[in-house]
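# Remarks on the overall topology
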4 protein chains.
Amino acid sequence: MLITSQQAQAMIDAAQSRAQALGVPAVIAVIDGGCHLKAFQRMDGAPLGSIDIALGKARTAALFGCNSEDVWEYCKPGAPAPGLELSNGGLMTFAGGISFRSGDGAVVGAVGVSGGAVSEDQEIARAGAAAYTV
Amino acid sequence: MLITSQQAQAMIDAAQSRAQALGVPAVIAVIDGGCHLKAFQRMDGAPLGSIDIALGKARTAALFGCNSEDVWEYCKPGAPAPGLELSNGGLMTFAGGISFRSGDGAVVGAVGVSGGAVSEDQEIARAGAAAYTV
Amino acid sequence: MLITSQQAQAMIDAAQSRAQALGVPAVIAVIDGGCHLKAFQRMDGAPLGSIDIALGKARTAALFGCNSEDVWEYCKPGAPAPGLELSNGGLMTFAGGISFRSGDGAVVGAVGVSGGAVSEDQEIARAGAAAYTV
Amino acid sequence: MLITSQQAQAMIDAAQSRAQALGVPAVIAVIDGGCHLKAFQRMDGAPLGSIDIALGKARTAALFGCNSEDVWEYCKPGAPAPGLELSNGGLMTFAGGISFRSGDGAVVGAVGVSGGAVSEDQEIARAGAAAYTV
């Protein structure tokens, strides 16, 4: 199951609307289940450093089929997988990346957001993910 | 002078309309004058290999303030700069990347397109660049 | 549509049988449509340098939904896309990589082979690709 | 002493059987003593992120002739080699990578597993390593 251009743009639009409501200039990235970029928007005023972070959060979520912050539970101090965050070219293990699945359970893609506070990024990413419809 | 999100999206939309008219599923990327990604759309059916190529054409055009294929004139066999294409992490030296400038002459950004024949990519990129308005 | 482990192994086995019949120790790689490794076998005696080449041929074929050598038609001297082979982290543009598609036309994956003469690699890859069944 | 294709495949098969018994979709990689990939299988449903992790665990184990988690004892907080995990292109310092030796004591190769809980990965890797016979 492939994410369509229309679905990806709907997710970008929904995330951007939420970001505007919060007053947060954000970078929003949508990738497919194989981690290839599908749609992207950098809002005016978003830091340049957020480009790589938004892409990294989306990639982290898609690679493991979860939220980006879930990966931190495995590699934080005392957790069973120290150094996991160094795998796959470097993971972004804080909130703002959310993967989504098709009806049959396969990971179809992920949205990654960066630009505001972590909780704001997460809220914006959730708005984007909620706009995904099969 | 910075390209705005609205301008970038207008360029994506114009390029995508032309691509649809040509029946070419294309990857369309818009970057700013500093080569940082601003907006992006991968149309359904575009080859995955076109993601890197579209980004590379846009980057090549922005780095030198020209069209991507203009750089080939400097590094093609017999030209004065052999190996130039290996600089800057690798350049994409065929058509489909077009830079654009603000009223004062500064490079504001570039659009890069890949997915069809080289001449089609060029036509789609031109439609995108033409949608840039100060 | 995802390639299954069983399908991938059947392709590896078919390619390996052909390689044995030809007396060619080969590296055989099967990747999915997003270019992620699914199954792999390096036969005894295959050169270490063939690991990267087999993976590169498979990746080249999957990225563009064609055979690896088809890409050369676009970037060979005089062709319209000089430097295309520098995209996507470097392409392998000679025979031995073959992509395959599902019933709906989407690229499902690719097989890449290296170890013998180019024509032998191609024949082995064809045997592998022929073993793909939906 | 080189690991043969037959030995490597026997290790993949044994690891895969254990993974199936545990209900864990895992990535299983076998490399030789020089860290070059010999055989590989990604079971259906294993996260894409596990490809790099399984390869990294195997590489970590082969590079130091131990289990992957043993390396953590040298680079964990308070240990004498902080940053060791950043060497060699990045090490994977938790369990799931196991090296094995020939009769004369030389490191012949390593198996790396990722996909389940760390303890499950370790159990699957042990099943793979146990299938190595000279």
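Attention here is on the structure that accompanies the text.

What counts and what doesn't
Residues numbered from 1 in each chain as written. Chains lettered and ligands numbered in written order. Predicted model: local features only at pLDDT ≥ 70, side-chain atom pairs only at ≥ 80, totals over all residues. Heavy atoms only, no water. Salt bridge = Lys/Arg side-chain N within 4 Å of Asp/Glu carboxyl O. Buried < 20%, exposed > 50% of the residue type's maximum accessible area, 1.4 Å probe, protein only. Helix = DSSP H or I, 4+ residues; strand = E, 2+ residues; numbered from the N terminus. Least-squares fit on C-alpha atoms with pLDDT ≥ 70 in both. Contact = heavy atoms within 4.5 Å. Phe/Tyr/Trp six-rings, centres within 6.5 Å; stacked < 30°, edge-to-face > 60°. Pairing = 2+ DSSP bridges. Axes fitted to C-alpha atoms, helices over the stretch in contact; angles between N-to-C directions. Buried area = accessible area lost by both parts, 1.4 Å probe. Arc of directions from axis to C-beta.

### Some remarks on the pattern of salt bridges
Applying the stated criterion to the full structure yields 20 salt bridges over all chains. The partner of Glu73 of chain B in a salt bridge is Lys76 of chain B, with the nearest N and O atoms 2.8 Å apart. Owing to a relative accessible area of 43%, Glu73 of chain B belongs among the partly exposed residues under this scheme. On the basis of relative accessible area, Lys76 of chain B is assigned to the partly exposed category, the value being 29%. Across the pair Arg42 of chain C and Asp32 of chain D runs a salt bridge whose closest N-O atoms are separated by 2.8 Å. In this pair, Arg42 of chain C sits in strand S2 (residues 37-42) while Asp32 of chain D sits in strand S1 (residues 27-32), so the two residues belong to two different chains. By relative accessible area, which is 6% here, Arg42 of chain C ends up buried. On the basis of relative accessibility, which here comes to 9%, the residue Asp32 of chain D falls in the buried class.

### So, the relation of the copies chain A and chain B
Of the transformation superimposing chain A on chain B, the axial component is 0.2 Å and the angular component is 180 degrees, with the fit at an RMSD of 0.1 Å. Taken together, these values place the two copies in the relation of a two-fold axis. When C-alpha positions in chain A are compared against the rotation axis, the closest is assigned to Phe40 of chain A, at 2.4 Å. By residue overlap, the copies meet face to face through one surface: 100% of the interface positions of chain A are interface positions in chain B.

### Here's the deal with the packing of aromatic side chains
Residues and elements named next belong to chain A. Going through the model one piece at a time under the given rule, you end up with four aromatic pairs over all chains. For the pair Phe100 and Tyr132, a centre-to-centre distance of 4.5 Å together with 35 degrees between the ring planes defines the contact as tilted. Here Tyr132 lies in the segment after helix H4 (118-130) and Phe100 lies in strand S3 (residues 97-101), a separation of 32 residues in the sequence. Like Phe100, the residue Tyr132 is buried in the burial classification.

### Things to note about the sheet that holds strand S3 (residues 97-101) of chain B
Consider a sheet: its strands pair through backbone hydrogen bonds, and that pairing is either parallel or antiparallel. Spatially, the eight strands line up as an open sheet ordered S3(A)-S4(A)-S1(A)-S2(A)-S2(B)-S1(B)-S4(B)-S3(B), and their pairing is antiparallel. Two strands lie at the open edges of the sheet, namely S3 of chain A together with S3 of chain B, each paired on one side alone. Within the sheet, the average angular offset between the axes of one strand and its neighbour, ignoring direction, is 15 degrees. Bridge count between S3 of chain A and strand S4 (residues 107-114) of chain A: five bridges; the pairing is antiparallel. Paired with Gly97 of chain A across the two strands is Gly112 of chain A, which belongs to S4 of chain A. Packing against the sheet, H4 of chain A makes contact with S3 and S4 of chain A, and its axis sits at approximately 145 degrees to S4 of chain A.

### Remarks on the interface of chain A and chain B
If you look at the interface, chain A gives 17 residues, while chain B gives 17 residues. Summing both partners gives a buried area of about 1500 Å² for chain A against chain B, and 39% of it is carried by carbon and sulfur. When residues of chain A are sorted by the area they lose upon contact with chain B, Leu37, Lys38 and Arg42 of chain A head the list and together hold 33% of the total. The interface formed by chain A and chain B contains four salt bridges.

### Quick word on the relation of the copies chain D and chain C
For the pair chain D and chain C, the best superposition has an RMSD of 0.1 Å and corresponds to a rotation of 180 degrees with a translation of 0.1 Å parallel to the axis. Interface overlap between copies: 100% of the residues of chain D at the interface are likewise at the interface in chain C, consistent with a symmetric, same-surface contact.

### Here we look at helix H3 (residues 68-75) of chain C
Residues and elements named next belong to chain C. Within H3, burial applies to Ser68, Glu69, Val71 and Cys75. Take H3 and look down its axis: the buried residues cluster within an arc of 145 degrees, on one side only. Contacts made by the buried residues of H3 are with helix H2 (49-64), strand S3 (97-101) and helix H4 (118-130).

### Thoughts on the sheet that holds S3 of chain C
Pairing is antiparallel in the open sheet, where eight strands are placed in the order S3(C)-S4(C)-S1(C)-S2(C)-S2(D)-S1(D)-S4(D)-S3(D). In the strand order of this sheet, the two ends are held by S3 of chain C together with strand S3 (97-101) of chain D, each with one partner. When the angles between neighbouring strand axes are averaged without regard to direction, this sheet yields 15 degrees. Across the sheet, H4 of chain C is in contact with S3 and strand S4 (107-114) of chain C; its angle to S4 of chain C comes to roughly 145 degrees. Of the strands in this sheet, S3 and strand S4 (107-114) of chain D touch helix H4 (residues 118-130) of chain D, which is tilted by about 145 degrees from S4 of chain D.

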